[in-house]
Amino acid sequence: AGFTQVDLLFAGALLAALGWFTTQSLGVAGAVAVVTLIAALVPGFSVESLLLLAALPLGMLLLGRFSGRQVVAPILTLKPRTNKAAGDITAAAQAGDLTKCEKLLEAAIRRRAATPVHFNSLLDVFAKEGDVYSAERCLQKMRDAGVTPTLVTYSTLINCCAKAQKPEQAVRWVEAMREEGMEPNRICLNAVINAWAKVGDYRGAREALAQLEAAGLEADRISYNALMSAYAKQSDVPGCEEVLTEMVQKGCSADEVTLGILVDACCRAGDAARAEETVRRMRQQGLQPSVGVLSSLVHALARNKDHHRAGSWLEEMVAEGHVEGACFNAVICASARAGDLRAAQRWFRKLDTSGTPDAVSFSGLIDACAKAGQYDRAEHWLAEMQKRELKPSAQTYNAVINSCAKAAAGERAVYWLQRMKQRGVAPNVVSYNAVIDAWAKAGSHRNAERWFNEMVEGGLQPDLISYNALINSSAKAGGAVQAEKLLQQMIANRVTPDRISYNAVVDACARSGCLDRAQYWVSRMEREGVQPDTITLNVLINACARVGDLPAAEALVGSATDPDLITFNAMLHVCSKANRPDRMEFWFGAMRAQGIGADVVSYSTMAQSYCRQGDVEGVERLIQEMRNSGLRGNEYTLATHLTVYAQSGYAPARAEEIFREGVASGTKLNHVNVGAFLRAVGHNWGNAVCRELGVDVPKIMDGRGRRRQ
């Protein structure tokens, strides 16, 4: 406790005199009672109590009245107490009562009874918290009290530095140990390796491992696992495998922790396949992956958009009795991102049965409903969430509003935005973007513009998605001038347009028949470094179709690097509008030559061209060719097929046959194809056939395209 040798000799002389006097006056039994009383007042195993116990037999022997056996026998009956003060400090530390720890230590210091155990107990508290500053103050206090730090002291301090991710300080304390003539052991140096690993510095960890071996110590599994985790922090799978090979060559076998670190590295690197293979290898070696390892694998597969594989591993976890809510949430959200509503609902029900869904679980399920366009189900789950007293976040409300947008339900989107405000959840730009998109899809540009303005008035800055939604809405409404103004406003507000922005403006100009303005914006996007894509090309071709400029459209397709089916269909439409079946046949052949198969739109467009010329044989040939290709016509194909017979005025029996085939195949009936049928066969005959087939002609003709009964 800080005594010098002179102090100890002087204290020993005094205590020897006390032992002699006590034995002389009270006899052995009385002397033992006095010693026991004094020892009870002094903390166990302190220097004073040991000297006292040693002084009593010394005084008795000096008196010469008793033999050695008579002296030792009563002393052996004494049972020195354990270090109660250190135990109290440890107990207070485990209870998290730091104030009590420090008070107990101060009391021990005042009694000059403090030992390394007392200080180490308090140091351990700071180490678990990663409080390097307090740990270093404790060490200084230990030195001030004259208590010499031990290996355990320094190991604890180095671990504290590792916890705080301060490897340089850990290294400094190793050097301080050596300066004090104390050689660090494997535990200390492993702590240094771990400190470097915590910050992902595998070079520092490598150097610490080299120092361990240079000190004549053999690296163990803990050393290699710490080194491997440094590589894992950097997602360096080859580095981890190199360490694994090295440790096996040194005769150190891998354990669950080792392979778990390798799985973690694979998951961080996004290599879910290798992570799965490592887990299988663990099992083949008789090693059981921990819950943490399996959880990492599930999360990695979920991030990798493989919700099916993530679900398979989650099934295994559940079968082993591990219900990890975070893993369920990962699979639910991954299913939502994949648009798999059925899977999201299945995993939610399993979680609801075996655990407790939280706000993240509900938000993931609602998002799945939103992506499926089922806003009624999204609303149902939001109501269920509130019933369970879970507070929806802005993200949850946004998912519901987005589901309304998918279904073009503008009024419902507005309802949930207002409900969100009433519940004290502030709408953000994402919330308003979904409402704008809902009205844009519903074809109400006026309402889309209104909510855009309300967002701005509310102090929110529109982003790229906000402008793109409103420009698209203008384009669908045929407002080319307003679409151009919005793009210019967007640039003025320092929101950089992307390809979607420019394509929307080009489309708006194309819909308005402004081919020159459409071409101007294509040139502008190229000057701004935005590369036009196939959608840009297709929009321009449609603009050519509106103004009947076949040469310009052909020049565009001729210069295209990667035309697709939509490109060729647009080109067929231009040829049809220009009444050029010869060029249409040419481009139809060019499409096939590039390995692009025609679809129903391709055949319908060509059939319409032949129909306008009254070419019944041409229409029949194309319809038959379409069927031979395994394609089934739609309501527009049926209308074209019947119209050519209505125009020709002959073969009403064939027209009736075509109509009956269409009804039997479930083709949608509207006022166009039903009207063409009535003209082809005559109203009396046609109405009689419709009554026979259960077709409600008045309702279809009055409803202008409503679904037939």
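Cut-offs and rules
Residues numbered from 1 in each chain as written. Predicted model: local features only at pLDDT ≥ 70, side-chain atom pairs only at ≥ 80, totals over all residues. Heavy atoms only, no water. Helix = DSSP H or I, 4+ residues; strand = E, 2+ residues; numbered from the N terminus. Buried < 20%, exposed > 50% of the residue type's maximum accessible area, 1.4 Å probe, protein only. Contact = heavy atoms within 4.5 Å. Areas by Shrake-Rupley, 256 points an atom, 1.4 Å probe, with all protein chains shown as cover. Expected span 1.5 Å × (residues − 1). Arc of directions from axis to C-beta. 1 Å grid on protein atoms, 1.4 Å probe; cavity = no way out; pocket = protein on both sides within 12 Å on 5 of 7 lines; lining within 4 Å. Points joined across faces, edges and corners; volume = space filled by probe spheres on them. Core = buried A, V, L, I, M, F, W, Y, C linked by side-chain atoms within 4.5 Å. Axes fitted to C-alpha atoms, helices over the stretch in contact; angles between N-to-C directions. Parallel < 35°, antiparallel > 145°, perpendicular 65-115°, else oblique. Left-handed = near helix turned anticlockwise from the far one by under 90°. Nonpolar A, V, L, I, M, F, W, Y, C, P; charged D, E, K, R; others polar. Phe/Tyr/Trp six-rings, centres within 6.5 Å; stacked < 30°, edge-to-face > 60°.

Caption draft 1: Spotlight on the overall build of the protein. When you go through the protein residue by residue, the secondary structure sums to 40 helices and 0 strands. Counting only residues that meet the buried cut, the protein has 46% of its 709 residues in that class. The contacts in the protein between residues at least 6 apart in sequence include a share of 61% that link residues at least 24 apart. Accessible area of the protein: about 34200 Å², with a carbon and sulfur share of 52%.

Caption draft 2: Just helix H21 (residues 375-387), in detail. Spanning 13 residues, H21 covers 18 Å between terminal C-alpha atoms, matching the ideal 18 Å at 1.5 Å per step. Within H21 the residues assigned to the buried category are Ala378, Glu379, Trp381, Leu382, Glu384, Met385 and Gln386. Residues of H21 that are buried sit in contact with helix H19 (341-354), helix H20 (359-371), helix H22 (394-406) and helix H23 (410-422). Looking one or two residues beyond H21, the residue adopting positive phi is Glu389, at roughly 60°.

Caption draft 3: Helix H25 (residues 445-457), seen in detail. A rise of 1.5 Å per residue sets the reference length of H25, with its 13 residues, at 18 Å; its end C-alpha atoms lie 18 Å apart and thus fit the reference within 8%. Every buried residue of H25 is accounted for by His445, Asn447, Ala448, Trp451, Phe452 and Met455. One side of H25 carries all its buried residues, which in axial view fall inside an arc of 165°. Among the exposed residues of H25, those pointing more than 90 degrees away from its buried face are Arg446 and Glu457. Structurally, H25 contributes buried residues whose contacts are with H23, helix H24 (429-441), helix H26 (464-476) and helix H27 (480-492). Trailing H25 by a residue or two, Gly459 shows a phi angle of about 90°, which is positive.

Caption draft 4: Geometry of the layout of surface pockets. Quantified by volume, the largest pocket comes out at close to 490 Å³. Residue lining of the largest pocket: 23 residues in total, with Asp367, Asn398, Ala399, Asn402 and Val430 positioned closest to the centre. Mapped by element, the contributors of at least two residues to the lining of the largest pocket are helix H18 (325-337), H20, H22, H24 and H26. Here the element with the most residues in the lining of the largest pocket is H20; it accounts for 5 residues.

Caption draft 5: Geometry of the environment of Cys188. Within the secondary structure, Cys188 sits in helix H10 (residues 186-198). Taking C-alpha positions, Cys188 is 8.1 Å from Asn159, a pair spaced 29 residues apart along the chain.

Caption draft 6: The nonpolar core, seen in detail. Residues Ile158 and Phe659 are the most contacted members of the largest nonpolar core, which totals 203 residues. In terms of residues, this core owes the most to one element, H10, which gives 8 residues. If we ignore the near neighbours within four places in the chain, the residues touching Phe659 are Leu642, Leu669, Val674, Phe677, Val689, Cys690 and Leu693.

Caption draft 7: Spotlight on the environment of Lys668. Position of Lys668 relative to the elements: it lies in the loop between helix H37 (652-664) and helix H38 (671-681). In sequence terms Lys668 and Asn634 are 34 residues apart; their C-alpha atoms lie 7.2 Å from each other.

Caption draft 8: The packing of helix H13 (residues 237-249) against helix H14 (residues 256-268), seen in detail. Closest axis-to-axis distance for the H13/H14 pair is 9 Å, and the angle between their directions is 165°. Comparing the axis directions of H13 and H14 gives the class roughly antiparallel. The two elements H13 and H14 cross, and the hand of that crossing is left-handed. The segment H13 lies against H14, with Val237, Cys240, Glu241, Leu244 and Met247 engaging Thr258, Leu259, Leu262, Ala265 and Cys266. Across the contact of H13 with H14, the residue classes tally to 8 nonpolar, 1 polar and 1 charged.

Caption draft 9: Structural detail: the packing of aromatic side chains. This model, assessed by the stated rule, comprises 15 aromatic pairs. Ring geometry for Phe348 and Phe362: centres 4.9 Å apart, planes at 70°, overall edge-to-face. Here Phe362 lies in helix H20 and Phe348 lies in helix H19, a separation of 14 residues in the sequence. Each of the two residues, Phe348 as well as Phe362, counts as buried. Residues Tyr502 and Trp521 carry aromatic rings whose centres are separated by 6.5 Å and whose planes lie at 45° to one another, so their mutual orientation is tilted. One end of the pair, Tyr502, is in helix H28 (residues 499-511); the other, Trp521, is in helix H29 (residues 515-527), and 19 residues separate them in sequence. Classification of Trp521 by relative accessible area gives buried; the value is 0%. Here a set of aromatic residues connected by ring pairs shows up, and it is made of Phe348, Phe362 and Trp381.

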